[in-house]
Amino acid sequence: MAAQNGHQPNGYNWDALVQAEEGLVSRRLFVEEEIYQRELEKIFAKCWLFLCHESQLPRPGDFISTYMGEDPVVVMRGKDGVIRAFLNSCRHRGMRVCRADAGNAAAFTCAYHAWTYANDGRLIGVPNHQDAYYGELDKDQWGLVPVAQLDQYAGLIFATWDPAAPSLADYLGDMKYYMDMVFNRRPGGSELFGGTHKWTMPCNWKLAADNFVGDMYHAPFSHGSAIRARIATLERPEESLRGLMQPQMMQVNPGGGHGMGVSLIDQGANTPQAFQHPVLRAYNESIRAEMEQHLGVERASQLAPVHASVFPNFSFLGSGTLRVWHPRGPGRMEIWAWVWCDKDAPQEVKDVQRVQSQYNFNASGMFEQDDGENWNQCTVASRGYVGRRQPFNYQMGVGHDERMEQLPGWKGANFAEINQRGFYQRWRELMSAE
Amino acid sequence: MTTVAADLLREVEQFLYAEARLLDERRFHEWLELFTPDIHYWMPTRSNRMLNDLDNELSKPGELAYFDDTLLMLRGRVARLDTGMAWAEDPPSRTQRLLTNVQIDAVEGDEVKVHLGFLIQRCRNETEEDLFIGYRDDVLRRVDGGFKIAKRKIVLGQNVLSAKNLSIFF
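Residues numbered from 1 in each chain as written. Chains lettered and ligands numbered in written order. Predicted model: local features only at pLDDT ≥ 70, side-chain atom pairs only at ≥ 80, totals over all residues.

**Some words on the overall build of chain B**
For step 1, the next point in the chain: Scanning chain B from terminus to terminus reveals 3 helices and 6 strands.
For step 2, the next point in the chain: Starting at the N terminus and ending at the C terminus, chain B contains elements arranged as α-α-β-β-α-β-β-β-β.
For step 3, the next point in the chain: Relative to the compact-globule value of 15 Å for 170 residues, chain B shows a C-alpha radius of gyration of 17 Å, a close match.
For step 4, the next point in the chain: Principal-axis analysis of the C-alpha atoms gives chain B an extent of 50 × 45 × 30 Å.
For step 5, the next point in the chain: Taking the contacts inside chain B whose residues are at least 6 apart along the sequence as the reference set, 57% of them involve residues at least 24 apart. (Helix = DSSP H or I, 4+ residues; strand = E, 2+ residues; numbered from the N terminus. Rg over C-alpha atoms; globule rule 2.2 N^0.38 Å. Contact = placed C-beta atoms within 7 Å.)

In structure tokens, the structure reads:
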């Protein structure tokens, strides 16, 4: 355990910091600046990261600003209809080129020296190109810095800075099978509502990703207030309490550091689905036959999605929220959250999904408030000299993971930390790479 | 300002101050009594837009909002605080609400439209401190000689909220 007590001569001993198979992960991962800086390189500049949903860029010229790690990125639909993404920084002196959250523009003129970029990233205007640059600056070489690869899955647009990264389809791997239960429920796919919830959380970003990837264990106690309040005042059936206290679920680890908590809806009413708003429950019943046609019986009538993360920092719930955990140093992140719905759903259903999802999950959310309190104080209480020398315990269910025969991936019990262990294995693999 | 208008403004201000005090003193059940059954309590998101696109600065009805509550949903929030398990508010926030720049925009039948600025200091735990600054557009309705709140739109200045949650009321 010497490695846990300090630096190795030539860097970190990653195998000692992350003993994922044994369920021990050093708290140094959550508090140390040097590790964080390496994450920006080895994780955020390597992995496929979620940028936005194609429904947010319906028209040519539409753009949206976001981040990949701490790098500002602008995603735009060119006049040719193609969606591209670029480092949001002028090639001349680095000034942010797009200074709005979203909008529509044919071109972006840098406010510093007026270099102008078309909405496909090409540099199309340089003041004094003839007299100051003698016509010698090759504009073709100085367009906005593009991401290395951009692709979409079920309307979700991802990009990576790594030209050698596997394709998005390979990166998501078997997670696609489970993501379809959220974003590909009906032939029309999914869409996002307008607006973005954005707020700041003083915690390490991994605590949030690790909660969404596999932590159903916290729900009965962390969310005890929201569950009880909703049953007391908001006409949820008393028996739905069981659906959240001891739900019929399993944790699915499809590999790649991704994971999802899945309801076994064919095994009775004790699932989080019993907690749904009556309008949404009726809607889900009404589309069940179509879903069986579209996705097959397993994903329509036997399983239902509850919580999930795509490695590293994209998470979503079956009930509507999806979000990115933007890292802002080892002890801080920004949460950018949206709500998805079926594009083909009736307006009344969409409205209920939006209102119910954000009532539970957003900065004011009945459930979310208590999550943030935990992640914040987990980080703060691990910062000290003694605290950071302790591991976090991820031993729940070690040795009890099972390879599934009928479905892709491995499974653990409802209360199991199989997915967190998979998440940190993947983290270690990337961080220990040369 | 006519005497009638001055009296009305003073009555409105005193109502709003009393409401703010109920919240600062955590008298949430009394606070819930101040709303009409059809209350819409709404805090849209505020995005960062260029001048030529300011119409899209605030999220619209039907889009995302930090609060988009009916009376039933507000009651749910108070019920949550009553459970003894609302960890984000236990220990509770220590709040001081300052209301200012109160103006009556219109009097229509039994309703008064009020615009005001607010500054809420929220302290919590050892060193947490948030300042929530923004404006409100309230619709107050005459009920039994007093006022009830029939509509509330809350707008914060921040794009990315610097607070870790919105666990208090506005």
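Here the narrative resumes.
**Quick notes on helix α2 (residues 33–44) of chain A**
Residue and element names in this part refer to chain A.
For step 1, the next point in the chain: The set of residues buried in α2 consists of Glu39, Ile43 and Phe44. An end-on view of α2 places all buried positions within 70° of arc, on one side of the element.
For step 2, the next point in the chain: The inward-facing, buried residues of α2 abut β3 (49–53), β4 (62–68), β19 (321–327) and α14 (418–431). (Buried ≥ 20, exposed ≤ 12 C-beta atoms within 10 Å, placed from the backbone. Arc of directions from axis to C-beta.)

**Some details on α14 of chain A**
All names here are of chain A.
For step 1, the next point in the chain: Between the first and last C-alpha of α14 there are 20 Å, a value that for 14 residues agrees with the 20 Å anticipated at 1.5 Å per step.
For step 2, the next point in the chain: Taken across its 14 residues, α14 has 12 buried, putting it largely inside the fold.
For step 3, the next point in the chain: Within the sequence span of α14, burial applies to Ile418, Asn419, Gln420, Arg421, Gly422, Phe423, Tyr424, Arg426, Trp427, Arg428, Leu430 and Met431. (Expected span 1.5 Å × (residues − 1).)

**A short note on the domain arrangement of chain A**
All names here are of chain A.
For step 1, the next point in the chain: Its domain assignment divides chain A into domain 1 (49–153) and domain 2 (173–431).
For step 2, the next point in the chain: One C-alpha centre belongs to domain 1, the other to domain 2; they are set 34 Å apart.
For step 3, the next point in the chain: With 9 residues of domain 1 at the contact, the number on the domain 2 side is 10 residues.
For step 4, the next point in the chain: The leading source of residues in the side of domain 1 that touches domain 2 is β3, at 3 residues.
For step 5, the next point in the chain: Tallied by class, residues from the side of domain 1 that touches domain 2 come to 4 nonpolar, 4 polar and 1 charged. (Domains from an automatic or database assignment. Nonpolar A, V, L, I, M, F, W, Y, C, P; charged D, E, K, R; others polar.)

**Topic: the sheet that holds strand β10 (residues 123–125) of chain A**
Residue and element names in this part refer to chain A.
For step 1, the next point in the chain: Read across the open sheet, the 3 strands follow the order β8-β9-β10; overall the sheet is antiparallel. Since the sheet does not close on itself, it has two edges, and those belong to β8 (107–109) and β10, each with one partner. Neighbouring strand axes in the sheet, compared pairwise and without regard to direction, differ in orientation by 35° on average.
For step 2, the next point in the chain: Summarising the sheet, β8 and strand β9 (residues 116–118) pair through 3 bridges and their orientation is antiparallel. Across the sheet, Thr109 pairs through a bridge with Thr116, a residue of β9. (Pairing = 2+ DSSP bridges. Axes fitted to C-alpha atoms, helices over the stretch in contact; angles between N-to-C directions.)

**Observations concerning the interface of chain B and chain A**
For step 1, the next point in the chain: Listed as interface residues are 36 residues of chain B and, on the opposing side, 41 residues of chain A.
For step 2, the next point in the chain: Among the secondary structure elements, those contributing two or more residues to the side of chain B that touches chain A are β2 (65–69) and α3 (71–82) of chain B.
For step 3, the next point in the chain: A class-by-class count of the residues in the side of chain B that touches chain A yields 16 nonpolar, 11 polar and 9 charged.

**Quick word on the pairing of strand β6 (residues 83–87) of chain A**
Residues and elements named next belong to chain A.
For step 1, the next point in the chain: Most of β6 is tucked away, with 4 of its 5 residues classed as buried.
For step 2, the next point in the chain: Where strand β5 (residues 71–77) lies against β6, 5 bridges are found, and the strand directions are antiparallel. Paired with Val74 across the strands is Phe86, a residue of β6.
For step 3, the next point in the chain: The hairpin turn running from β5 into β6, its antiparallel successor, is 5 residues long, and Gly81 in that turn takes a positive phi close to 85°.

**Some details on the packing of helix α7 (residues 224–233) of chain A against α3 of chain B**
For step 1, the next point in the chain: The geometry of α7 of chain A relative to α3 of chain B is characterised by a closest axis approach of 8 Å and an angle of 135° between their N-to-C directions. By the criterion of interaxial angle, the relationship of α7 of chain A to α3 of chain B is oblique. The way α7 of chain A lies across α3 of chain B gives a crossing that is right-handed. Contact residues: Ser225, Ala226, Ala229, Arg230, Ala232 and Thr233 of chain A in α7 of chain A; Leu72, Arg75, Gly76, Ala79 and Arg80 of chain B in α3 of chain B.
For step 2, the next point in the chain: When its residues are assigned to classes, the contact of α7 of chain A with α3 of chain B shows 5 nonpolar, 3 polar and 3 charged. (Parallel < 35°, antiparallel > 145°, perpendicular 65-115°, else oblique. Left-handed = near helix turned anticlockwise from the far one by under 90°.)

**Comments concerning the environment of Val78 of chain B**
Residue and element names in this part refer to chain B.
For step 1, the next point in the chain: Within the fold, Val78 resides in helix α3.
For step 2, the next point in the chain: We classify Val78 as partly exposed; it has 15 C-beta atoms within 10 Å.
For step 3, the next point in the chain: Beyond its immediate sequence surroundings of up to four residues, Val78 is in contact with Phe28, His29 and Leu32.

**A short note on the sheet that holds strand β11 (residues 149–153) of chain A**
Residue and element names in this part refer to chain A.
For step 1, the next point in the chain: Pairing is antiparallel across the open sheet formed by 3 strands, whose spatial order is β3-β12-β11. Two strands lie at the open edges of the sheet, namely β3 and β11, each paired on one side alone. Taking each pair of neighbouring strands and ignoring which way they run, the sheet shows an average axis angle of 30°.
For step 2, the next point in the chain: Looking at chain direction, β11 and strand β12 (residues 156–160) are connected through 5 bridges and run antiparallel.

**Section: the pairing of strand β6 (residues 146–156) of chain B**
All names here are of chain B.
For step 1, the next point in the chain: As paired strands, strand β1 (residues 35–44) and β6 are joined by 4 bridges and run parallel to one another. Bridge pairing in β6 links His40 to Lys151.
For step 2, the next point in the chain: Where strand β5 (residues 128–143) lies against β6, 10 bridges are found, and the strand directions are antiparallel. Residue pairing across strands places Asp138 opposite Arg152, the latter belonging to β6.
For step 3, the next point in the chain: Counting the residues that bridge the hairpin from β5 to β6 gives 2 residues, and of these Asp144 lies at a positive phi of roughly 55°.

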